[in-house]
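# Structural features, examined
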Amino acid sequence: MGFARTCSVALVGVEGVVVEVQADLEPGVAAFTLVGLPDKSLTESKDRVRAAVVNSGAAWPQKKLTVGLSPASVPKSGSGFDMAVAAAVLGAAERIDPRVLADIVMIGELGLDGRVRPVRGILPAVLAAADAGYEQVVVPECAAAEASLVPGVSVLGVRSLRQLIAVLADEPVPDEEPDDLGRPDPLLAGLRMPGTGAATGMHSMGAAHYDPGHDLADVVGQGAARTAAEIAAAGGHHLFLEGPPGAGKTMLAERMPAILPRLSRQDSLEVTAVHSVAGLLPPGKPLIDVAPYCAPHHSATMQALVGGGPHMARPGAVSLSHRGILFLDETPEFSGQALDALRQPLESGYVVIARSAGVVRFPARFQMVLAANPCPCGRYSQKNDFCDCPSTSIRRYQARISGPLLDRVDLRVTVDRVTREDLSACGARGETTATVADRVRAARERAGARLADTPWRTNSEVPGRELRSRWQAVRGAMDEAERSLERGALTARGIDRVLRVAWTVADLKGHDRPDDTDVLLALQLRTGVSRGASMTLGALV
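Since this is a predicted model, take the numbers as computed values, not measurements.

About the criteria used
The residue numbers shown here count from 1 along each chain, following its written sequence. Local features are withheld for residues below a pLDDT of 70 in this predicted model, meaning they are given only at 70 or higher, and side-chain atom pairs are given and counted only at 80 or more; totals for whole chains, interfaces and linings count all residues. Side-chain metrics rest on all non-hydrogen atoms present in the structure, leaving aside hydrogens and water. In this text, helices come from DSSP runs of H or I with a minimum length of four residues, and strands from runs of E with a minimum of two, each type numbered from the N-terminal end. Between buried and exposed lies partly exposed: a residue is buried under 20% and exposed over 50% of the maximum accessible area for its type, with that area taken using a 1.4 Å probe on protein chains only. Whether two residues touch is decided by their heavy atoms; if any such pair falls within 4.5 Å, the residues are in contact. Exposure was quantified through the Shrake-Rupley algorithm and a 1.4 Å probe, taking into account, for residues, occlusion by the shown protein chains and nothing else. Note that the arc is defined by the directions from the helix axis to the C-beta atoms. Definition used for salt bridges: Asp or Glu carboxyl oxygen within 4 Å of a side-chain nitrogen of Lys or Arg. Each Phe, Tyr or Trp ring (for Trp, its six-membered ring) is paired with any other whose centre lies within 6.5 Å, and the angle between the two planes then decides the class: stacked below 30 degrees, edge-to-face above 60, tilted in between. Think of it this way: DSSP has to see at least two bridges between two strands before they count as a pair.

### What about the overall build of the chain?
Helix and strand counts for the chain stand at 22 helices and 16 strands. Scored against the burial criterion, the 541 residues of the chain give a buried share of 50%. Sequence-distant contacts in the chain: of pairs separated by 6 or more residues, those separated by 24 or more amount to 72%. Working note: accessible area of the chain is about 23,600 Å², and carbon and sulfur atoms make up 51% of it.

Here it is, written out as structure tokens:
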């Protein structure tokens, strides 16, 4: 009887469980049994592994073969167990020393010809292996850079099962013939899911990927909206832009990722792990270090926004925009059920999805930017009478965004129609992206120094009780906001958010604590009622 074991990783969301792959050979009729709650794609690995082993020059054992995946109570899915199954079988057949395999984690799919193909979720799988104490990992060669992001782990990248056998058996490693030049590497196809490119709005484009010609200075006028975007970027606040078509709402939202600071190392690993599981990690770029930007179409379902799907759930737009921007253009056109599903992740910073196959938790600490027209025709305004919509239609259209969702939005700005004077004004361009980004970065550094010994990173994450007790505004600065609370113009959540925005304004201005002007500006941006606060942050720094 022959026995061998090695390890692989089962992913549940972005969290991994190390699975021991055991192979047992016994005398009897040749058969291959796979046990341990495998799904359909994993069950099919029996045929892939057999063909890969034979085509790699190794003999397939003609005995009763049982492969067990332990712990058996954890559901396993995907083709990432192929390489571990093949190694365990060869270890049981004594083609490889079983003692060499015991402490190695293997992740990768096998082709019928023995080539090792990448799978989604390499980074979270290696992170799980490192957390479990494993120090050696074998992955496909084209995914070795992604696996190497995890410190303290020795990564071996192989291109074929032949190479893996040679390395483990201490034999000369054969050279693999490269594919024809001029054609894309077919092995890289395993890193991407079809239909998830940049054109879908579900991608990881960030500041470094934007055309340098698309600058914040291109937005004509809209001083209040530009100020609100800067405050939102500096403090991680949510933003709602309402105005007629063509006023620049989408232009402003598309330029927001460029003024956000680059991601820290920890944030980069979190974002990269989510995109790796979703199959959106760009080949050749193993680490996403810029803020992601997701702009799903208004026909997106609730599952597309918050995550879901058959069997084990996959991350949705709220998780793909983790530590970045989620832009919902034409917000009233989204289904009410999909929009209201955003309320829980907006508060908690994560989303929990329950399915029959298990419960999955995805990170979802994102900045939400909403854009909407004031009415169905888009021309309603208190300054003119261009709109032909009846009042009932306007109210019904605006009510598509529920009050509880709007209550979670920190900044609400009315974007005015661009006039002829705005377009023809010479030398009146606004500040560039680089100038605003410098101020945002300085404000983030001030907030980071203040929150250094806390679990929070931006002002938008600080609980209201801490702001009221530990980081208070100047005495009397909150009087106007408290009067608004008494009149019912603000909720208890709203007054906390006003104080958070006031701290962000103070950081942008360089104030030690928010004063009455900072709170008035925050209140003005929260309620949309003018209170005489200046909207020109650049002139106040």
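### A look at helix 15 (residues 391–398)
Residues Ser393, Ile394 and Tyr397 constitute the buried set of helix 15. Take helix 15 and look down its axis: the buried residues cluster within an arc of 100°, on one side only. Residues Arg395 and Arg396 are exposed on helix 15 and point more than 90 degrees away from its buried face.

### Concerning the pattern of salt bridges
In total, this model carries 30 salt bridges according to the counting rule given. Salt-bridge contacts for Arg439 lead to Glu230; the nearest nitrogen and oxygen are separated by 2.7 Å. Pair noted here: Arg439 is in helix 18 (residues 433–450) and Glu230 is in helix 8 (residues 223–235), with a separation of 209 residues, a long-range link. No difference in accessibility class separates Arg439 from Glu230, as the two residues are buried. A salt bridge links Arg483 to Glu480, with the shortest nitrogen-to-oxygen separation between them at 2.7 Å. Pair noted here: Arg483 and Glu480 are both in helix 20 (residues 479–487), with a separation of 3 residues, about one helical turn. A relative accessible area of 39% places Arg483 in the partly exposed class. Because the salt bridges share partners, they merge into one network encompassing Glu347, Asp407, Arg408, Asp410, Arg493, Arg497 and Arg526.

### Considering the packing of aromatic side chains
In the structure shown here, the tally under the stated rule is 2 aromatic pairs. Ring geometry for Phe32 versus Trp60: centroids 5.7 Å apart, planes at 45°, classification tilted. Pair noted here: Phe32 is in strand 3 (residues 31–35) and Trp60 is in the loop between helix 2 (45–55) and strand 4 (64–70), with a separation of 28 residues, a long-range link. Trp60 matches Phe32 in its accessibility class, with the two residues each being buried.

### A closer look at unusual backbone geometry
Here the amide bond leading from Ser70 into Pro71 is cis, since omega sits at 10°, within 30 degrees of zero. You can see Pro71 is positioned in the loop between strand 4 and helix 3 (82–92). A positive phi is found at Leu37, a non-glycine position, where the angle reads about 60°. Of note, Leu37 is situated in the loop between strand 3 and helix 1 (40–43). In this structure Leu37 comes out as partly exposed when scored by relative accessible area, which is 47%. Despite not being glycine, Glu94 has its phi angle at roughly 65°, a positive value. As for its position among the elements, Glu94 is in the loop between helix 3 and helix 4 (98–101).

### With respect to the sheet that holds strand 10 (residues 239–242)
Spatial strand order, 11-12-15-10-16: 5 strands in an open sheet with parallel pairing. Each edge of the open sheet is held by one strand with a lone partner, namely strand 11 (293–294) and strand 16 (411–414). By the bridge criterion, 4 bridges tie strand 10 to strand 16 in an arrangement that is parallel. Following the sheet pairing, Phe240 is matched in strand 16 by Arg412.

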